[in-house]
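The chain contents come next:
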Amino acid sequence: MYVPVALVTIATRFWVMHMRKCLIAGNWKLNGDHALCDQFASTVFPTDSSFDIVICPPATLLQSMQQLIKKHSSCLRLGGQDVSVESQGAFTGEISAKMLHEAGAQYGIIGHSERRAYFAETNEKVAIKMAQLLAANVSPIVCVGESRAARDQQQTLAVIEAQLSPIKAVLQQQALSCSQIVIGYEPLWAVGSDQPASPEQAQQVHQFIRESMADVPDAEALRIIYGGSVTADNSAALLAMPDIDGALVGGAALNIDSFLGLLPVV
Ligand code: 13P
């Protein structure tokens, strides 16, 4: 069949090059309200098949966002920003993986650098959270990343390996597949700093992560997404890298125009 070159879109090329479906996730952190949910859910995004778009609002907005997505037949998927290590019981303020699933979340961010820094989230806790999410049929977006000091001391890959180690152990012990998880590489110095990693810096770590995960079942299906000051100005160059399978976006996901601007072109 003849396909005019002009119709071979950038998004399609991404798919062919990467063999993994691109994932663009917006992490709203402690921001957003019902009006922002309505604005995102009522927007017609350029595609619903060549890449996945996930929005992670605060937990209190998940259910209303889910209803708005249904109302507007939106292609958006939903994610939580964290999950409890516990599945139920006397743990005031916690939200379980099953609760996230019931609220409509298909993804759950865990191990974000802000939770590691401000809420004592250890590598081991992140691995337990991953197991909780997988048991509830929610795909974990496991965040890893090094500090500026670690990078300056050439410790980047050692930090990433230490963060991945308990994750790999759980996946291997429980014979779980890489196709169910996403790794988010977010260098701390790039988060909220307007100083994104260069495509080459990010690619180097993504490639390391892929090699490190090679022993886990379905390693070739593992999606590794980059986060840290992603905007319309830098997303195309980052997404063009062979081991960058998408983006995890903070600030630029709080505004519909800036978010639309960074999506792969269709
Ligand atoms: P920024 O895009 O604001 O740098 O945030 C990235 C992030 O932390 C997403 O989880």
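Quick note: structure is the one above.
Reference entry: report on the structure contained in this document. (Residues numbered from 1 in each chain as written. Predicted model: local features only at pLDDT ≥ 70, side-chain atom pairs only at ≥ 80, totals over all residues. Heavy atoms only, no water.)

Remarks on the nonpolar core
By size, the foremost hydrophobic cluster in this structure holds 68 residues, and its most contacted members are Ile24, Phe40, Ile183, Ile209, Met213 and Phe259. With six residues, the single largest contributor to this core is helix α6 (residues 123–135). Those residues in contact with Ile24 that lie beyond four places of it in its chain are Phe51, Asp52, Ile53, Val54, Leu239, Gly246, Ala247, Val249, Phe259, Leu262, Leu263 and Pro264. Cys56, Tyr107, Ile109 and Leu248 belong to the second-largest nonpolar core, a separate cluster that totals eleven residues. (Core = buried A, V, L, I, M, F, W, Y, C linked by side-chain atoms within 4.5 Å. Buried < 20%, exposed > 50% of the residue type's maximum accessible area, 1.4 Å probe, protein only. Helix = DSSP H or I, 4+ residues; strand = E, 2+ residues; numbered from the N terminus. Contact = heavy atoms within 4.5 Å.)

With respect to the site of the ligand
Inspection of the region around the ligand gives 13 residues, with Lys29, His112, Gly192, Ser229 and Gly251 positioned closest. Side-chain polar atom of His112 to an oxygen atom of the ligand: 2.8 Å apart, as the coordinates give it. In this structure, an oxygen atom belonging to the ligand sits 2.8 Å away from a main-chain N or O atom of Gly251. Protein contact buries 94% of the 310 Å² of open area that the ligand shows by itself. (Near = heavy atom within 4 Å. Polar contact = N/O pair within 3.5 Å; in protein donor to acceptor, adjacent residues only side chain to side chain. Areas by Shrake-Rupley, 256 points an atom, 1.4 Å probe, with all protein chains shown as cover.)

A word on the packing of aromatic side chains
The tally for this structure, following the rule as stated, stands at five aromatic pairs. Aromatic side chains Phe45 and Phe259 sit 6.2 Å apart centroid to centroid with 85° between the ring planes, which places their arrangement in the edge-to-face category. Pair noted here: Phe45 is in the loop between α2 (34–41) and β2 (51–56) and Phe259 is in helix α11 (residues 256–262), with a separation of 214 residues, a long-range link. For Phe259, a relative accessible area of 0% gives the class buried. An aromatic cluster of at least three residues, connected via ring pairs, comprises Trp28, Phe40, Phe45 and Phe259. Across the ring face of Trp189, the terminal group of Arg148 is positioned such that the distance to the ring centre comes to 4.7 Å. (Phe/Tyr/Trp six-rings, centres within 6.5 Å; stacked < 30°, edge-to-face > 60°. Lys NZ or Arg CZ within 6 Å of the ring centre and 35° of its normal.)

A look at the side chain of Gln163
Secondary-structure assignment places Gln163 in helix α8 (residues 156–173). At 2.9 Å, the side chain of Gln163 forms a polar contact with the backbone nitrogen of Gly145. Non-local contacts of Gln163, meaning those with residues more than four positions away in its chain, are made with Arg116, Asn123, Val144 and Gly145.

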